[in-house]
Amino acid sequence: MALSIEIRNYLLKNGATEVGFSDISNISPKSGLNKGIVFYICYPKEIIRDMENAPTIDYFHELMNINKQLDNLGMMCEKFLINEGYNAYAQTKLRLGTDFGEFNSFELPHKTIATRGGLGWIGKSALFTTKEYGSALRLSSVLTDAPLEVGQPILKSKCGNCLKCKNACPAEAISGIEWNYKLKRNEFYNDKKCERYALKVSKENLAKADTVCGKCIFACPYTQNYIKK
């Protein structure tokens, strides 16, 4: 318990918005590393408020900035755990690279660790979603063998009948099917449609083709509640 509190406070002090811990013993890609530490950083409200015509250049720059912050936090957490005598592996973007596999997903996604740690659920947009910030956030994680106090997993969506993200998606990538932990992402969301549209709209808005959009982030009612506070 004390170690979990210490790690959480350490990450919050260094820029994380929230931190969680989960049991990943049956899904860990690293032998012996059966606990997951997951943390996220929220987008500033002013960035998201201006995203009605997403993506914006400010959003793109902030996305890059948060990615760097998350990688730094991951390496700091890894070093902290190793200094305490445990094994750890930070799942940084630098390490995982850009080869996401057939369905544009890592072997153990950060959001899977986050739902298992009880921080939130997967929205119909396939984005990790919380009551406090909607999907206006980015995640990272560290795998470890440290004895941590894990959260209560969230096994199903809290989106209900809402279809705001589906209706806001010009790519028609969002089916509207509600997530639960048994569903694979490609059973309710088409990443290829999303990617094709993102490359097109980012070239138009940012003068650079990239897999960046953000319309579903802006549309989420939980995101709207966050930016209106």
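Look above for the structure.
Note that the coordinates shown come from a computational prediction; the quantities given were computed from them, not determined experimentally. (Residues numbered from 1 in each chain as written. Predicted model: local features only at pLDDT ≥ 70, side-chain atom pairs only at ≥ 80, totals over all residues. Heavy atoms only, no water.)

Here we look at the pattern of salt bridges
For the record, the criterion: A carboxyl oxygen of Asp or Glu within 4 Å of a side-chain nitrogen of Lys or Arg is what we treat as a salt bridge. For helices the rule is a DSSP run of H or I covering at least 4 residues; for strands it is a run of E covering at least 2, with both sets numbered from the N terminus onward. Throughout this description, buried means an accessible area under 20% of the type-specific maximum (1.4 Å probe, protein chains only), exposed means over 50%, and partly exposed covers the range between.
With the rule as written, the count across this model stands at 4 salt bridges. In this structure, Arg95 engages Glu78 in a salt bridge whose closest nitrogen and oxygen atoms are separated by 2.6 Å. Residue Arg95 is located in helix α4 (residues 93-96), and its partner Glu78 is located in helix α3 (residues 57-83); the two are separated by 17 residues in the primary sequence. Of the residues examined, Glu78 reaches a relative accessible area of 9% and is grouped as buried. A salt bridge links Lys192 to Asp191, with the nearest nitrogen and oxygen atoms 3.1 Å apart. When its relative accessible area of 32% is taken as the criterion, Lys192 is described as partly exposed. Given the relative accessible area of 6%, Asp191 is considered buried.

A look at the side chain of Ser4
Cut-off, in case you're wondering: Contacts are residue-level and defined by heavy atoms, with any inter-residue pair within 4.5 Å sufficient.
On the secondary structure map, Ser4 appears in helix α1 (residues 2-13). We classify Ser4 as buried; its relative accessible area is 4%. Discounting chain neighbours no more than four positions away, the residues touching Ser4 are Phe21, Leu148 and Glu149.

So, the pairing of strand β6 (residues 137-144)
Put simply, the rule reads: In this scheme, strands are said to pair when DSSP sees at least two bridges between them.
In terms of burial, β6 is a largely internal element, 7 of the 8 residues being buried. Sheet topology places strand β2 (residues 35-42) next to β6; 8 bridges connect them, and they run antiparallel. The residue of β6 that forms the bridge with Cys42 is Leu137. Of the strand pairs in this sheet, strand β3 (residues 88-90) and β6 are connected by 3 bridges, and their pairing is antiparallel. Along β6, the bridge assignment pairs Ala90 with Val142.

So, the sheet that holds β2
Quick reminder of the rule: The axes are straight lines fitted to the C-alpha atoms, using for helices just the contacting stretch, and the angles between their N-to-C directions are given from 0 to 180°.
In spatial order, the strands read β1-β2-β6-β3; together these 4 strands make up an open sheet with antiparallel pairing. Both outer strands of the open sheet, β1 (18-23) and β3, are each paired with one neighbouring strand and no more. Averaged over all adjacent pairs, the angle separating strand axes in this sheet is 25 degrees, with direction ignored.

Overview of α1
Let me state the cut-off plainly: The span one expects for a helix is its residue count, reduced by one, times 1.5 Å. Directions from the helix axis toward the C-beta atoms define the arc.
The first and last C-alpha atoms of α1 sit 16 Å apart over 12 residues, in line with the 16 Å expected at 1.5 Å per residue. Every buried residue of α1 is accounted for by Leu3, Ser4, Ile7 and Leu11. For α1, the buried positions fall inside an angular range of 100 degrees around the axis, keeping them on one side. Along α1, exposed side chains directed more than 90 degrees from the buried face belong to Ala2 and Lys13. If you follow the buried residues of α1, they end up packed against β1, β2 and α3.

Section: the packing of aromatic side chains
Between two aromatic rings, the relevant description is the distance of the centres plus the angle of the planes. Definition in use: Ring pairs are drawn from Phe, Tyr and Trp, using the six-membered ring of Trp, whenever the two centres fall within 6.5 Å, and their geometry is named by plane angle: stacked under 30 degrees, edge-to-face over 60, tilted for the rest. Distance and angle both matter: a charge sits over a ring if NZ of Lys or CZ of Arg is within 6 Å of the ring centre and within 35 degrees of the ring normal.
In total, this model carries 6 aromatic pairs according to the counting rule given. With 5.1 Å between their ring centres and 80 degrees between their planes, Tyr133 and Tyr226 make a pair best called edge-to-face. A residue pair is termed long-range when its members are at least 10 positions apart, and Tyr133 in the loop between β5 (128-129) and β6 and Tyr226 in helix α9 (residues 221-228) qualify at 93 residues. Under the relative-accessibility criterion, Tyr133 is labelled partly exposed at 22%. Chaining the aromatic ring pairs together yields one cluster made of Tyr40, Phe128, Tyr133 and Tyr226. The positively charged end of Lys30 is found above the aromatic ring belonging to Tyr89, 4.3 Å away from the centroid.

Observations regarding the environment of Ile82
With respect to the helices, strands and loops of the structure, Ile82 is situated in helix α3. A relative accessible area of 43% means that Ile82 is categorised as partly exposed. As a C-alpha pair, Ile82 and Ala146 span 64 residues in sequence and 9.5 Å in three-dimensional space.

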